[in-house]
Each structure stands twice: as structure tokens, then as C-alpha cells.
Protein chains: 4
Amino acid sequence: MANSKYEYVRHFETQDRCLPNCWIVVRLDGKNFHKFSDSHEFSKPNDEAALNLMNCCAVYVMNEFQDITVAYGESDEYSFVFRKGTTQFSRRASKLMTNVVSLFAASYVFNWSKFFPNKQLMYPPAFDCRVVVYPSDENLRDYLSWRQADCHINNLYNTCFWKLVLQGGYSTKEAEQKLKGTYSSDKNELLFSQFDINYNELPQLFRKGTVLFWQKVEEKLMKHFKSKDSERLETKEVTRVRNVVVTQHIDIIGDEFWKLHPEILGKAKS
Amino acid sequence: MANSKYEYVRHFETQDRCLPNCWIVVRLDGKNFHKFSDSHEFSKPNDEAALNLMNCCAVYVMNEFQDITVAYGESDEYSFVFRKGTTQFSRRASKLMTNVVSLFAASYVFNWSKFFPNKQLMYPPAFDCRVVVYPSDENLRDYLSWRQADCHINNLYNTCFWKLVLQGGYSTKEAEQKLKGTYSSDKNELLFSQFDINYNELPQLFRKGTVLFWQKVEEKLMKHFKSKDSERLETKEVTRVRNVVVTQHIDIIGDEFWKLHPEILGKAKS
Amino acid sequence: MANSKYEYVRHFETQDRCLPNCWIVVRLDGKNFHKFSDSHEFSKPNDEAALNLMNCCAVYVMNEFQDITVAYGESDEYSFVFRKGTTQFSRRASKLMTNVVSLFAASYVFNWSKFFPNKQLMYPPAFDCRVVVYPSDENLRDYLSWRQADCHINNLYNTCFWKLVLQGGYSTKEAEQKLKGTYSSDKNELLFSQFDINYNELPQLFRKGTVLFWQKVEEKLMKHFKSKDSERLETKEVTRVRNVVVTQHIDIIGDEFWKLHPEILGKAKS
Amino acid sequence: MANSKYEYVRHFETQDRCLPNCWIVVRLDGKNFHKFSDSHEFSKPNDEAALNLMNCCAVYVMNEFQDITVAYGESDEYSFVFRKGTTQFSRRASKLMTNVVSLFAASYVFNWSKFFPNKQLMYPPAFDCRVVVYPSDENLRDYLSWRQADCHINNLYNTCFWKLVLQGGYSTKEAEQKLKGTYSSDKNELLFSQFDINYNELPQLFRKGTVLFWQKVEEKLMKHFKSKDSERLETKEVTRVRNVVVTQHIDIIGDEFWKLHPEILGKAKS
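Residues numbered from 1 in each chain as written. Chains lettered and ligands numbered in written order. Predicted model: local features only at pLDDT ≥ 70, side-chain atom pairs only at ≥ 80, totals over all residues. Heavy atoms only, no water.

- The name that an unreviewed UniProt entry assigns to chain A is tRNA(His) guanylyltransferase, with the source organism given as Saccoglossus kowalevskii.
- Of chain A, the UniProt comment under Catalytic activity (unreviewed entry) reads exactly: "a 5'-end ribonucleotide-tRNA(His) + GTP + ATP + H2O = a 5'-end phospho-guanosine-ribonucleotide-tRNA(His) + AMP + 2 diphosphate + H(+)".
- Taken directly from UniProt, the Sequence similarities (unreviewed entry) text for chain A runs: "Belongs to the tRNA(His) guanylyltransferase family." (UniProt positions renumbered as here; feature names shortened; annotations may be inferred.)

Looking at the interface of chain C and chain B
And then number 1: Residue-level contacts link eight residues of chain C with eight residues of chain B.
And then number 2: Approximately 520 Å² of surface area, both sides summed, lies buried where chain C meets chain B, with 62% of it carried by carbon and sulfur atoms.
And then number 3: A per-residue breakdown of the area chain C buries against chain B is headed by Leu19(C), Asn21(C) and Pro135(C), which together make up 73% of the total.
And then number 4: At the junction of chain C and chain B, the tally comes to zero salt bridges.
And then number 5: Counting across the chain C and chain B interface gives four residue pairs in polar contact (both at pLDDT 80 or more).
And then number 6: Of the residues contributing to the side of chain C that touches chain B, the split by class is five nonpolar, three polar and no charged. (Contact = heavy atoms within 4.5 Å. Buried area = accessible area lost by both parts, 1.4 Å probe. Salt bridge = Lys/Arg side-chain N within 4 Å of Asp/Glu carboxyl O. Polar contact = N/O pair within 3.5 Å; in protein donor to acceptor, adjacent residues only side chain to side chain. Nonpolar A, V, L, I, M, F, W, Y, C, P; charged D, E, K, R; others polar.)

Focus on the relation of the copies chain C and chain B
And then number 1: With an RMSD of 0.3 Å, chain C superimposes on chain B once it is rotated by 179° and translated 0.0 Å along the axis. Taken together, the turn and the small shift mark the pair as related by a two-fold rotation axis. Relative to the rotation axis, the closest C-alpha in chain C is found at Pro135(C), a distance of 2.5 Å.
And then number 2: Residue by residue, 100% of the interface of chain C is reproduced at the interface of chain B, so both copies engage with the same surface. (Least-squares fit on C-alpha atoms with pLDDT ≥ 70 in both.)

A word on the sheet that holds strand β6 (residues 233-248) of chain C
Residue and element names in this part refer to chain C.
And then number 1: Spatially, the six strands line up as an open sheet ordered β4-β1-β3-β2-β5-β6, and their pairing is antiparallel. In this open sheet, the two strands that pair with only one neighbour each are β4 (127-134) and β6. Neighbour-to-neighbour, the strand axes of the sheet open up by a mean angle of 20°, direction not taken into account.
And then number 2: Relative to β4, strand β1 (residues 23-30) runs antiparallel, the two being bridged by eight bridges. Pairing of Trp-23 across the sheet is with Tyr-134, part of β4.
And then number 3: Seen against the sheet, helix α3 (residues 93-115) touches β1, β3 (77-82) and β4 and runs at an angle of roughly 140° to β4. (Pairing = 2+ DSSP bridges. Helix = DSSP H or I, 4+ residues; strand = E, 2+ residues; numbered from the N terminus. Axes fitted to C-alpha atoms, helices over the stretch in contact; angles between N-to-C directions.)

As for the interface of chain A and chain B
And then number 1: Across the boundary between the two partners, chain A contributes 55 residues, which contact 55 residues of chain B.
And then number 2: Across the chain A/chain B interface, buried area totals approximately 4700 Å², and carbon plus sulfur atoms make up 64% of it.
And then number 3: Where chain A meets chain B, there are eight salt bridges.
And then number 4: Two residues, Arg27(B) and Glu13(A), come together in a salt bridge whose shortest N-O distance is 3.5 Å.
And then number 5: Between the two partners, chain A and chain B, sit 16 residue pairs in polar contact (both at pLDDT 80 or more).
And then number 6: Sorting the residues of the side of chain A that touches chain B by element identifies α2 (48-64), α3 (93-115), β4 (127-134) and α4 (137-166) of chain A as the ones contributing at least two each.
And then number 7: Ranked by the residues each element gives to the side of chain A that touches chain B, the list is headed by α3(A), at 13 residues.

Some points on the pattern of salt bridges
And then number 1: Enumeration over the complete set of coordinates arrives at 59 salt bridges over all chains.
And then number 2: Residue Glu74(A) is joined to Arg147(A) by a salt bridge in which the shortest nitrogen-to-oxygen separation is 3.5 Å. Of this pair, Glu74(A) sits in strand β2 (residues 68-74) while Arg147(A) is found in helix α4, placing the two residues 73 residues apart along the sequence.
And then number 3: Looking at Arg147(A), the relative accessible area reads 6%, which means it is buried.
And then number 4: When salt bridges with common partners are traced through the structure, they connect Glu13(A), Arg27(B), Asp29(B) and Arg130(B) into a single cluster. (Buried < 20%, exposed > 50% of the residue type's maximum accessible area, 1.4 Å probe, protein only.)

Notes on the UniProt feature "domain: Thg1 C-terminal" (unreviewed entry) in chain A
And then number 1: Per the UniProt annotation, the sites labelled "domain: Thg1 C-terminal" (unreviewed entry) are residues 138-254 of chain A.
And then number 2: Counted over residues 138-254 of chain A, helix gives 46% and strand 28%. Its end C-alpha atoms are 12 Å apart.

Some thoughts on the pairing of β2(A)
Residue and element names in this part refer to chain A.
And then number 1: Counting buried residues along β2, seven of its seven residues qualify, which places the element largely inside the surrounding structure.
And then number 2: As judged from the six bridges shared by β2 and strand β3 (residues 77-82), these two strands associate in the antiparallel manner. By the bridge assignment, Glu-74 is partnered in β3 with Glu-77.
And then number 3: Adjacent in sequence and paired antiparallel, β2 and β3 are bridged by two residues, among which Ser-75 carries a positive phi angle near 50°.
And then number 4: Bridging between β2 and strand β5 (residues 210-226) involves four bridges; their strand directions are antiparallel. By the bridge assignment, Ala-71 is partnered in β5 with Leu-212.

Brief notes about the packing of aromatic side chains
Two numbers describe a pair of aromatic rings. These are the distance of the centres and the angle of the planes.
And then number 1: Inspection of every chain in the model, using the stated rule, returns 108 aromatic pairs over all chains.
And then number 2: Among the aromatic residues, ring-to-ring pairing joins Phe33(A), Phe36(A), Phe42(A), Tyr78(A), Phe80(A), Phe104(A), Tyr108(A), Trp112(A), Phe116(A), Tyr123(A) and Phe127(A) into one connected group.
And then number 3: Sitting over the face of the ring of Tyr123(A), Lys35(A) holds its NZ or CZ atom 4.7 Å from the ring centroid.
And then number 4: The ring of Tyr199(C) is capped by Arg207(C), whose NZ or CZ atom sits 6.0 Å from the centre of that ring. (Phe/Tyr/Trp six-rings, centres within 6.5 Å; stacked < 30°, edge-to-face > 60°. Lys NZ or Arg CZ within 6 Å of the ring centre and 35° of its normal.)

Regarding the environment of Val25(C)
Residue and element names in this part refer to chain C.
And then number 1: With respect to the helices and strands, the residue Val-25 is situated in strand β1.
And then number 2: C-alpha separation for the pair Val-25 and Tyr-134, spaced 109 residues apart in sequence, amounts to 7.7 Å.
And then number 3: Beyond its immediate sequence surroundings of up to four residues, Val-25 is in contact with Ser-79, Phe-80, Val-81, Arg-130, Val-131, Val-132, Tyr-134, Leu-140 and Tyr-143.

Written out as C-alpha cells, the structure reads:
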């Protein structure tokens, strides 16, 4: 059963290397998460445990692929940004997206019970994923701004929608109708006047989504060793610098975040 | 926070539609499964429970994507073949591979405890995945033959290797050395003369891998209904035809399998 | 001036190999040939010399790339079909299309004066070109049928249009209006009743376009040689088989052409 | 002869848009120009007329595609750089390369007799062409430096080689042997000591190749008009600014050229 006569089939494979010297964004989305969140009775408009589970999976992914310089998540989607110069998987798009998405999906099931100790996972979820490549820092920041603006727009809408439905006595159709064509200011006003809610005081997790990045932290460790001139075991405090993933729910559209963390875009700290 | 000024970033996405009228193969492989199988103390050379868990995940994938006409698995890899004319995800390669691989990975964790009731899953596994496109039936059959021949070659080698190590008292280096340059016939002979094993009598699951395909089955159901002219509830046996996934461990290199199941390649039963 | 530090830029090049075991179609079109044909006062609706110049260029291309099994031309476009198994330029799409299109364009200028002895070429023309890949023989035949049906539809329309304008006294706008929404049968009728033209008797070059393919021809040559036993120069007739490009203006939509020339699709003559 | 049932074949075409916000380089090379230059008895190591014909064709291309911001040519190759933001042909790689290469090839034949008034063009040449995309200005400059360094290295070698062969009495094999493993300094020395040639005094056209770019020029025109208050035709000098292609044979590896012409890379003049 020689394999050689079949091996020609390998030549049908194609190369899909990402253009060098570009940011590589890997974005995943839950498949049919509307149905998934209904099946698992997620709170509306935001389920804090579900969001934190997403964030936990993202940390797993970042720890596995340390060339991810920043990640941003909202709702059932997550974007991972590999640094411009990464050679992970020789920059092959297929390998990047499938490794990320499969680890994320496996982590989702693996960690479910930590976030939903009293809820059974009904069935394994799927995610779809794509790779997009950005040549300039400006393009990348605009990409991340696009996602965070999307988070804001959807969350403001959903907050109004579910308030109308859950407390206002509207049917889902009536709520949709009510919100059609309204501006942000209208929605803010509606929340305030009708439901006594100041939108800007809602949790940042809901309004801003989640940004993950690396930070060097100093750890103090007690190290035990034998001193040269005696048999005694001595103890000394040593400092170790470690790279850890930091989770924040803050604005990444303005310049402030990027000035504070220039190393994310590969720039020196001023 | 208008989103419109950032939306231009969508134009950096690329299309990756598979050529029409071609078989689409989605193949996934466990990432670092050498380490994973060590961590979980899988039996050598084959762990039956681990293989059955793989097969179980493949059934999840086929039930979700019914345009998969046949799947073949061995060791820590699985190939799924979408039929030539599928329009699933508009034939976009990214969507096909990431949906398949993430559902497979999530199913792996989800079903772990059924196959390893006494073993804790230590960490979530990742899989990488690719799409390959084949224009002709012959190319597709050669692809599947390539994978099944690979299964055979690896299994024969691994069976010898682990016999030498686990029972023969060889170190792994010595076993490697012993097998270097040997032919199939040498390995068969070694197993027989030294370990009293007839290779061809080992389980087909190990030697042939696993092939999954659809089969129509007739189900007899009891249906209850009210008869027109009375108030009584009557019961009638009805026959329903259902498509179910069949699991076999048989040869798919020769013609026999394909003659028995011409519908897999979209041909009429003769 | 060492070159090594710049050579990294080569890694930005991408591979664009065509899928193996597929027909490769290279189709070129004149760029702005509306303006080009006006500048050179081509006859309307068809300029026979211009069409023959196109055909001449196509012969140059076929003689250079003998893996082209068939070519089809109409108006200012030409399609060249490389056989399924070609390894020309390692099947790289860029190389295939640019070599074909540049040779075609250079041949166009090179041969202009043979077809237009009394007309100056005003400026060099450009052509654009693309590669399309077809997995099955049926797909390929449908592609060629698509182009020949296109030839027919355009030619019928243009014949009517220019008759109306050049002989019927219509303005171009009026002619357009007159033909709007008409069927083939209407156009045939219009030509017959108003201009006494039986469309089916117009030259096949205009109605069917041009198909090029290879044919083996026997050539009888006189060969001179010295006989062994004498000093005299003797002459003998020898037969040589040569592959030459044949030009025909016939139907390639129906089966007849393909039954007559099965070798074009790589099949044995029955 | 309805076309609709064949039109499905259009869906086999693929998109090949270049990544936005990147420099697009279109590079062409003469096909078999070794043979072509022999057939046409080009002077060795450089044929000035042949180089000027190449440059002439490049000017045709730039005048047709004004989004080409800079072009660089040496030997039988030419690189055209489309500006980062170009939307020419919707950035489709196939269209960009085939239009450029076919116009170049047609121009080559069209202008041949101007540069070789006493030499017949024996056959039409072909060129192959590719598209490469560069994300940053630095990458682009490195690309152009790579080509100009290549020009220098080849020209120094060829100058030595042909001096040895044409004047030194070496066979081509002996010349090859003589030059094997030599450094630039050795070759400079060889030219000076053996042939009394100071390499740096050879024409820049040979040593530096040719760079083309746009420059605004003021043209003074005499404009005739009727004055308001009289019937007399008056004449006035007016100044018009026009964009013209400039041809230079200078260093583009160092910073000087780019400081002088920042607008090539889309930067403001300081």
C-alpha cells in the first residue's frame, strides 16, 4: 500500500501567506448565538457571565499566541491582532485563524462551568473566523475604533430595546418600531426620561467592550538557597519581570489609550 | 460616535470562494497532540477511547453541515468532504474551515467525559485546519486513499515501535533504529515472529481508520390521531425515511466501497 | 552596493498557481476598442481585415504556446484554452496571462500593415486579460458556448443597428430605440423585410467567430541523398507529419464539432 | 441561442484586488531577451538604442496610467509604481498588469523603427509581468534600491565580461572563469588596469538605469483674443502648468533623490 502514487494530491493545496509588514487581525464571531443565548437563557441586553466567559477564552488564546499584541471583544465576537512582524505559522492565514478559533471554542466549553456553575451547557457552540490584513497603524486603529463604535451603537440600541420590552410593556415589534430612525441622543433621552437610566453610568464592560494587552509586572519571589560558607538555607527576595495579559474596559478610539501603551503598536515608550 | 468613518476598513477583507464544481475537503489536525496524548496518558500505539471521541465529534460536524457527503478520520486528524455543488457559506473557505474546526474542538471538550469518565481534561485542545479543492472524482478518491494509506503506514510502524518499547525492552532510540529502512513485510514478520501478532487481525479501527457517510434508514413510528368520524384516539404505524450518519472501519482505497455507495460521489445507484 | 539587504522584498510576491487538473482559459479584450476602431475607421458592423488581424495574432500565440489546445475569437476579444495538464510557467496565472497578452499586442502592431496596407496605425493598442479556471469538460464547453452565443447576439444586434444607421437614415439614438426589447426573430425579420438580408447568409466569420485548433497534416517532402553504392544524388519522397493551427468559422456549441475533434479535450479519436 | 444558460461560467472568475493603502508595483521582463538581443544584434554589454526604446515605451505607459508615480527600468525590465491610493481598475491585479504589459509590448513594436531605423524587427517580442504590493514607503524604497543595485551588479559584471571577450581575446567560458568569485573592487581594478576604463565614468544610463517621474512644467503660450473695446485681435502670453514625464539616470538608493522629490511618495514638499 505505497502512498507515493497518491501524494500528488498535496499539490492542490494553496499558499495563503499574509502580506509581510502588515498587522494581521483574526476576528471570530459566534455562529447562531442568537439561538445559543436563548437556549441558555442569557440575560438581556447583556449577560455579564457570558461576556466574562468570552474574555476568559481570549486570555487563553493570548497566552498561547504571544505575538498577539492586543485583542478586543464585544458581544459574541473577538478580534486578535498579531504584530506586524509575526512569523507565527509562517503567517499562513488558514493556520492562524483555525488555531485561534478552535482554541477559543474549546476554551469556551472547558470554562463554561466556572462562569455558569448552575447552568448546563446544552450543546457545543461554533464560531466563524476570518483574517484581515492592515498595512498601517492608522488602518489598524480605525479597525479597532470600528469595532468599539459598533459595540456602543449596538449596546445603546439593545439597552433601549430590552428596557421597552422587559419593563415598558412593549412587544418586540412595537419596541423595534419605536426605535426606528432615532438618534443616539433620542435613545439617551428615552432611557433617562422613561427608565431613569443614565446611559453613561452603565458598566463599561457593556458600553466599551473589553481590550486585552500585555503588561510587564514585577513579581517578588522568595528564593531559597544555600550560602557558600555555611550549611544554612538562606532566603532572599528576588524580583522577576513577567508579561501578563491585562483586561480593561476603556475607550480605545481616542488617543489616550495609545499614548499610554505605545508598545502595543511596537513603538518605544516616550 | 458615528461608525461610518471607520467602515472603510471592511474593504481590506478578501474573498476566498472555492472554485465552483469542485469537491471541497476540510482537513483538521490536532495541534501538538503528541504532548496532549502524553498529558492525558493515551494508550500506545492507539487509544480506542480517544479515537472514538474523535469520531463522535465528526458526527456532530456532519449533523450540523449536511452537505458533507463523506468524512474520514485517523489518529488526530479528520477530513470532511463537502459535495461539489455545495453553496454552504457561499463556498467561502474561511467560513467553511473555521465553522468546522471550532465545532469539532468544542465537541471534543463537550463529549470528553463520555469517553474518559475517569480522566480529567487538563486543558482545551486546539486544531489547525485547511481547505483543499479537488476538481475530479478521481482526485478526490486519490486524496482519501492517500489518507487511508497514511493511516496504515503509520499504524504498522507505531504498532511495531510500541511493542518493541513496551514489551521488547527496547529504548525508544533503539526501537527507532531497529525499524529504520524496514519494509512493510519486515514489520509484519517482526510482529508475528517476535510478538506472535498477526497484524491483519488487529482492530480495523486502528488499521483502516474511520469513514462516515449518510444512509437512509426507515423508521417505524407509532402515530396517534383522531379519526374523522369519532372522538377516539387511534394509533397507526407509519414509516419515515431518515438520513443518518453511518460509521465504518473499512477499506476505501479499492472500488468496492464506492460501488456500494455511489451516492457519496453524487452518482445514481445502479 | 550589496544587494542582500534589499532582497527581503521578494517575499512580498505571492504565488498564483492555477488549480491542477483544470482547464485554464486566458481571455483578452481590446482596451477602449470603440475609440480605437473609430480612430482607424473600421467598417461597421464588422471589419473583416481587423478580424483577420486578430486571428493572425492568435496564431502567433498558439505557435508560441503549444499547450493551447483551442482558441476562440470574436470582435476584439480572444480566449485561449491551455490543456488541463499543462505545466507551462508552472501554471502561474500572472505569467500565463501576461505572456499571452503581450505577445498578442506586439503581434497586432507587427502585422498591422499586412492587413491594412493603406492605413497608418495611429497608436499602439492595449488589451486587458484574465485567467479563469474550469474543472470539467462540460464547464469548458459551456464557457466556449457562452462566448459564441455572445458573438451571435452582438452581431445580430450590430448588423441591424448599422443597417438602420447607414442605410435606413436613423440616428444612432433612433436605431437604439427601435431595437430596444426586440427578440432575435424580430431582428431577423427586420433585416429581411427592410434590407432584403437573410442573416443566415452573412459570412460565418461574422456570425460564428473564429475557432483555432491543432491538426496533424502530412507533408510530402523531396529528400536528396547520396546512395550508398554510387556517387549520384538520388531523390526520394518522404512523408512528415506536422502539427499546424487550423482556422475555422463554425458552430462549437453543438456536439458535432467536438465529436469530430475529440483530441481537443484530450480524448481518443473513436 | 439564449446566452443565459451558459452565463453561470462567469462565477468561476476570481477577484484579485490588491490590498488597499499599499504601493502597487507592476514589473515586466522581456521573455527570452537573450535570444531576442542576439537576433537583433544588440551591442554588448549595453545597447543604447535598445535601452532608449524601453524608456520610450515606459513613457507611453506612464502617460496612459497617470496614477503611476514613478517607474524604474534597467536592461529588459521595467517596474511601474502605482500610488498607494490608486483606484485604477479597482486595483485588480490582472487588469493592472495586463494593461501595462500589453501597452508596453505594442509600443515596443510601434516605436522600433524610431530607434532602429536601419534594422528590421524580426518578430514580435513578449514580456512577462507580475504585481507585487508593498505596505510601507520604506518597503517600496527598498524594492527600488534592490532593482538599482541589481542594475549596478549586472552592469559591472557584463562590462568586464564583454571587454574580456571582445577585446581581451577570452572565450566566453574563460571570461566566466576569470570573473568567478571576484568582488566589485576586483572588477573595477580589472577594467582600469587591463582596459584603461574608469567604471565610474561610463554613462549613467548603463550604471544607474532609468527613473521616470512626473514634474510640473510651466509652459508659456501665446493666446490670441479679441479685446473688449476693439475689434483688433490681441496677443497675450499666458502660463500653463503641465505634468510631464521626466527621465533621469541617477541614484535612487540614497536619500537625496527622495528629498528632492517628496511628492513621488505622496509627501508635501518641505
